[in-house]
Amino acid sequence: MSYGKITRRPAVLLALGLCSIGAVVTVLGRLAAGPALALKRVELNTEVGSKAYPAFSPDGQHLAYSARGTSSKDETAHIFVRDMPDGKPQQLTTGEGNDIGPVWSPDGARIAFVRMEDGQGECVVIAASGSGEEKKFPGCTAPGDETQPFPAVSWMHDGQSLVVVQSAEKQPAALASLSLATGAFQPISHPAAGMEDSTPAVSPDGNSLAFVRSTSGEGADIFLSDLSGANPRRLTFDDRAIRGIAWTRDGQDLLYTGLRTRGWRLWRLPAYGGSPRDLIIAGGEAQYVAVSPVGNRLVYTVTPTVSAIWRASLGGNPEKPEEHVIIRSPGREKGPRYSPDGKSIADISDQTGNDEIWLSDAEGRNRVQVTSFKGPDLARIRWSPDGKSLIFDANGGQGEDLYIVPGAAGAKPVRVQTGAINGSWSHDGKSIYFQARNHIWKAGADGGSPEQLTEREGAAQPVESADGKFIYFRNWRSFWRIPVTGGDEEEAIVPEHDLMGSTTMQPTRQGVYYLEFARSIGFPVVSFYDFATKKSTVVFRLKDGGGRNGTYSVSPDGKYILYARVDQGQTNFEVVENFR
């Protein structure tokens, strides 16, 4: 059939005409929108201190946020507001409680946030100008680590109610609506035991609710539901830590920062189905993203840091220990671990530009590089009982896997489990324990024949007791144990303070060292639970942020402790201009 005959058919002519009209409309639309502008990243000039939870005002002209450490005498988090882009910060709140996650009312006249003090939370609403009295609503909370709680408030579009995280005794943190007129709560979400919900974000059209559901370990995923909590749907399937989510202006996508691949990266996720896309411009240190409702601008926090490995003596005054640096490099040093004989130290360093395992002697000298992954994030090193091998986590972007590597320069790692973290060894070195799918598992030293050991959802961070009789593990806010030979799970240690998100347990024959957060002093501490007295005692205080990721190791003789300490750090805001 000739081309002329085809074009003379009415249906074909109509189709060609419609295609032509569509092409013209597309071109005109692009012309009206103007040429695409390159994204531009700019760091805001900000005051000293640690800042988080940025939130744009409805007109995009102001930025509210929480900040702590803005003076040498105050480590409490307060609410600040500044004009964009170069305004001077104005402090709106004072007091002893930590003010977390400010959000603007739809009319821009008020700011709501959660205040945490002595383990108790309340929702607070203030005038955006900072004047007038605070309106308080007990019963709210901001779950997560005390050092960095999760965002916990979002405004409904009517401006008369909030979506908050409600706290209830012996119940997981869940989302609820809060009426500002009556103070009444109405449940929205219903997380299962061992999980908690946080980070609510109401969509721009006011019809949908995005939120984060976390496990008792470090995993989390994003969910979407109706405002009533109906029709919940899981959007991500990574079970990886998330710090903040935000809607794009058109309500089609969600932005979030998470540990999905190497570092804290910024991701763009279709709100109604699809795969996350890495927004590379934000780099690998981004957290707590916010999108301006007006203008093409987004903001997030960055924390450029350099950390070293320090050693301190135990047994003296925990407030004034004898301490000094023993491992320092141009990069970040983390996760130190003494060998079983105390003669070597393994740690993770990114001095080559990537996380790799390094070895040194007990004084930090004669360092050699063990691995050469050149990509994935590494974490949680543990030595085998004979001191010849190391087990550790690696996350290369497709999930976390468990590896074993000989403790020697240039050794080749072997993957022994996929989708598993927190590996440790049996006392005879013939088996390994690990955390996977919210349970504790046991397998051969080569990863073969895995078997599930625990029944409790949310079991995490397994480690065998020094006598080889029990497996200790964390379950939410306490430590449990189960016989190595099998049997009933029982609660073994109830910490006096809050457990950290990644709390390293180190059993000895006399007791167990572990990491927790002491509210009274505002810092992470290493505590020791004594089997004889059945009491815990603080043995060391981590004041410089090194304890937030559980990086400490007590020497086999109990005389010293290794830990990561930040040499330099400043949390700043970065703004991306021309974002659409």
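In this report, the structure presented in the accompanying data block is examined. (Residues numbered from 1 in each chain as written. Predicted model: local features only at pLDDT ≥ 70, side-chain atom pairs only at ≥ 80, totals over all residues. Heavy atoms only, no water.)

**Quick notes on the packing of aromatic side chains**
Scanning the model with the defined rule gives 12 aromatic pairs in all. Relative to Y403, the ring of F373 lies with its centre 5.2 Å away and its plane at 85°, an arrangement referred to as edge-to-face. Of the two residues, F373 is situated in the loop between β29 (368–369) and β30 (377–383) and Y403 in strand β32 (residues 400–406); the sequence distance between them amounts to 30 residues. By relative accessible area, F373 is classed as partly exposed at 22%. On the basis of an interplanar angle of 45° and a centroid distance of 5.0 Å, the ring pair of F540 and Y563 is categorised as tilted. Note that F540 is positioned in strand β46 (residues 535–541) and Y563 in strand β48 (residues 560–569), a separation of 23 residues in sequence. Given the relative accessible area of 1%, F540 is considered buried. On the basis of relative accessibility, which here comes to 3%, the residue Y563 falls in the buried class. In textbook terms, an aromatic cluster arises when at least three aromatic residues are bridged by ring pairs, as seen for Y65, F80 and F573. (Phe/Tyr/Trp six-rings, centres within 6.5 Å; stacked < 30°, edge-to-face > 60°. Helix = DSSP H or I, 4+ residues; strand = E, 2+ residues; numbered from the N terminus. Buried < 20%, exposed > 50% of the residue type's maximum accessible area, 1.4 Å probe, protein only.)

**Here we look at the sheet that holds strand β49 (residues 572–577)**
Within the open sheet, the four strands sit side by side as β1-β49-β23-β22. Their pairing is antiparallel. Only two strands of the sheet have a single neighbouring strand rather than two, namely β1 (40–43) and β22 (286–291). Strand-to-strand, the axes of this sheet are offset by a mean angle of 25°, without reference to chain direction. Here four bridges tie β22 to strand β23 (residues 297–302), and the two strands are oriented antiparallel to one another. Looking at β23, one finds that A286 is bridged to V302. (Pairing = 2+ DSSP bridges. Axes fitted to C-alpha atoms, helices over the stretch in contact; angles between N-to-C directions.)

**Quick notes on the pattern of salt bridges**
Here the structure, examined in full by the defined rule, presents 23 salt bridges. Between R311 and E363 there is a salt bridge; the shortest N-O distance is 3.2 Å. Of this pair, R311 sits in strand β24 (residues 305–313) while E363 is found in the loop between β28 (356–361) and β29, placing the two residues 52 residues apart along the sequence. Judged by relative accessible area, which is 11%, R311 ranks as buried. Across the pair R380 and E400 runs a salt bridge whose closest N-O atoms are separated by 3.5 Å. Of this pair, R380 sits in strand β30 while E400 sits in strand β32; the two residues are 20 residues apart in sequence, bridging distant segments of the chain. Overall, the relative accessible area of 21% leaves R380 in the partly exposed class. Among the residues examined, E400 registers a relative accessible area of 14% and is labelled buried. Each of D99, R115, E134 and K136 takes part in salt bridges that share partners, so that together they form one network. (Salt bridge = Lys/Arg side-chain N within 4 Å of Asp/Glu carboxyl O.)

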